[in-house]
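Listed below, chain by chain, are the residues.
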2 protein chains.
Amino acid sequence: MSKKPSRLPSPAAPANPGDPLQLDLFVPYRLSVLSNLISHTVATIYGERFGLAIPEWRVMAVLGLAQHQGTPMCANAVAQRTEMDKVQVSRAVSRLLTLGLLGRTVDKADRRKANLTLTDAGYAVYQQIVPLALQYEGELLDTLETDELMMLERLLDKLTKTARGLSASFQPAETP
Amino acid sequence: MSKKPSRLPSPAAPANPGDPLQLDLFVPYRLSVLSNLISHTVATIYGERFGLAIPEWRVMAVLGLAQHQGTPMCANAVAQRTEMDKVQVSRAVSRLLTLGLLGRTVDKADRRKANLTLTDAGYAVYQQIVPLALQYEGELLDTLETDELMMLERLLDKLTKTARGLSASFQPAETP
DNA sequence: CCAATTTAGTTTCACCTGAAACTATTTCCA
DNA sequence: TGGAAATAGTTTCAGGTGAAACTAAATTGG
């Protein structure tokens, strides 16, 4: 008849005033536990075998793809692509430079920018990590049926979009 | 004919050697972005209005429920319930004690333990936060259809279970 | 019984992290 | 032009965090 009863079988939500909240039914909490669990495992894999932390791996991941496509990237572009902030990228890049996995060349046209590329050593590491990462993802998703996998994709997209909206609406934004 | 082609429409997974990995199709990465986005917003809400960080709120959440059920809890039980480690719990508890939101009484029978309870002030804060938390969750999930919501539940459970298994298998476990 | 082990919880240490301040360069526009 | 504002990237600072060491109490078994 009407639209939809605004989440009837709702997760944690009795939503009657005075009702308690059960943490392990609370979606933000559950997502956080899941995400931390995965990140921890993945960090262990990268860390033990390659001495890389997740931010470093992410930088390499986007640069590896850029390399593949022949498009050099500057730190700022990496930051946008990875959704990390520029401080994190700056630090990850400097560690990767020290490790000799990255090269940096100041842009001729705009000397504030520097193009980042994987060195041969960096690309070799990249080519070792990619299959490991995909293998982990594969094992994680292996118990899901095809329809569940499709829905997971869809849910990640929808929730991320909604969460972005809520983030913006809760952090009022400055009006200078 | 056979089981299932082992994730055909797989997310990030071309899985052919040499193929690149596209970060924004990689499920662990996407989950991390989503979870961070949500945690950040939620932390802002709790932080601005109550001066509480997420670990503190989690401790209060489980103690609030325990209170509701008349079951007092010690720090260790809180740690298990929240999936935080005991260090984190210890710190959160001591901050909450300082804020006067928690009371602690050393257990008569086992003087290593201490029962933790929300003070009246703590319970008052708890009762203010719960609706805010549920409201945030509600808004986050509001765009989902009923079937999507049910699938979300199921996916969180399945993935968490699988991730736990993978975590164990990647961190060999000690054999003393 | 009492030494060895286990358990509850705290402290230490070394590192990570985000926000804000800062430098260097470029762009904008009066 | 040339000074104000914007942009790329780094550094600083003030916490937060986990692993490991530590304290205190309780349990175990010889």
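In this text the structure is predicted, and so the values were computed from the model without any measurement.

Calculation notes
- Residues numbered from 1 in each chain as written.
- Chains lettered and ligands numbered in written order.
- Predicted model: local features only at pLDDT ≥ 70, side-chain atom pairs only at ≥ 80, totals over all residues.
- Heavy atoms only, no water.
- Pairing = 2+ DSSP bridges.
- Helix = DSSP H or I, 4+ residues; strand = E, 2+ residues; numbered from the N terminus.
- Contact = heavy atoms within 4.5 Å.
- Axes fitted to C-alpha atoms, helices over the stretch in contact; angles between N-to-C directions.
- Buried area = accessible area lost by both parts, 1.4 Å probe.
- Salt bridge = Lys/Arg side-chain N within 4 Å of Asp/Glu carboxyl O.
- Polar contact = N/O pair within 3.5 Å; in protein donor to acceptor, adjacent residues only side chain to side chain.
- Nonpolar A, V, L, I, M, F, W, Y, C, P; charged D, E, K, R; others polar.

### Observations concerning the sheet that holds strand β3 (residues 114–118) of chain B
Residues and elements named next belong to chain B.
Phase 1 of the analysis: Strand order in the open sheet formed by three strands is β1-β3-β2, and the pairing between neighbours is antiparallel. With partners counted over all chains shown, the strands left at the sheet margins are β1 (73–74) and β2 (102–106), one partner each.
Phase 2 of the analysis: Alignment of β2 against β3, held across five bridges, turns out to be antiparallel. Bridging across to β3, L102 finds its partner in L118.
Phase 3 of the analysis: Seen against the sheet, helix α2 (residues 54–69) touches β1, β2 and β3 and runs at an angle of roughly 90° to β3.

### Digging into the interface of chain B and chain A
Phase 1 of the analysis: Across the contact, 82 residues belong to chain B and 82 residues belong to chain A.
Phase 2 of the analysis: Together chain B and chain A conceal approximately 8,000 Å² of surface at their shared face, both sides included; 66% is due to carbon and sulfur atoms.
Phase 3 of the analysis: Contact with chain A buries area across many residues of chain B, yet L21, R30 and F170 of chain B alone supply 8% of it, more than any other trio.
Phase 4 of the analysis: At the surface where chain B touches chain A, the tally comes to ten salt bridges.
Phase 5 of the analysis: The salt bridge involving E153 of chain B is made with R30 of chain A; its shortest N-O contact spans 2.7 Å.
Phase 6 of the analysis: Across the chain B-chain A interface, the total number found is 22 residue pairs in polar contact (both at pLDDT 80 or more).
Phase 7 of the analysis: Elements with a contribution of two residues or more to the side of chain B that touches chain A: α1 (27–50), α2, α3 (75–82), α5 (120–141) and α6 (146–170) of chain B.
Phase 8 of the analysis: The element best represented in the side of chain B that touches chain A is α6 of chain B, accounting for 20 residues.
Phase 9 of the analysis: Residues of the side of chain B that touches chain A, tallied by class, amount to 42 nonpolar, 20 polar and 20 charged.

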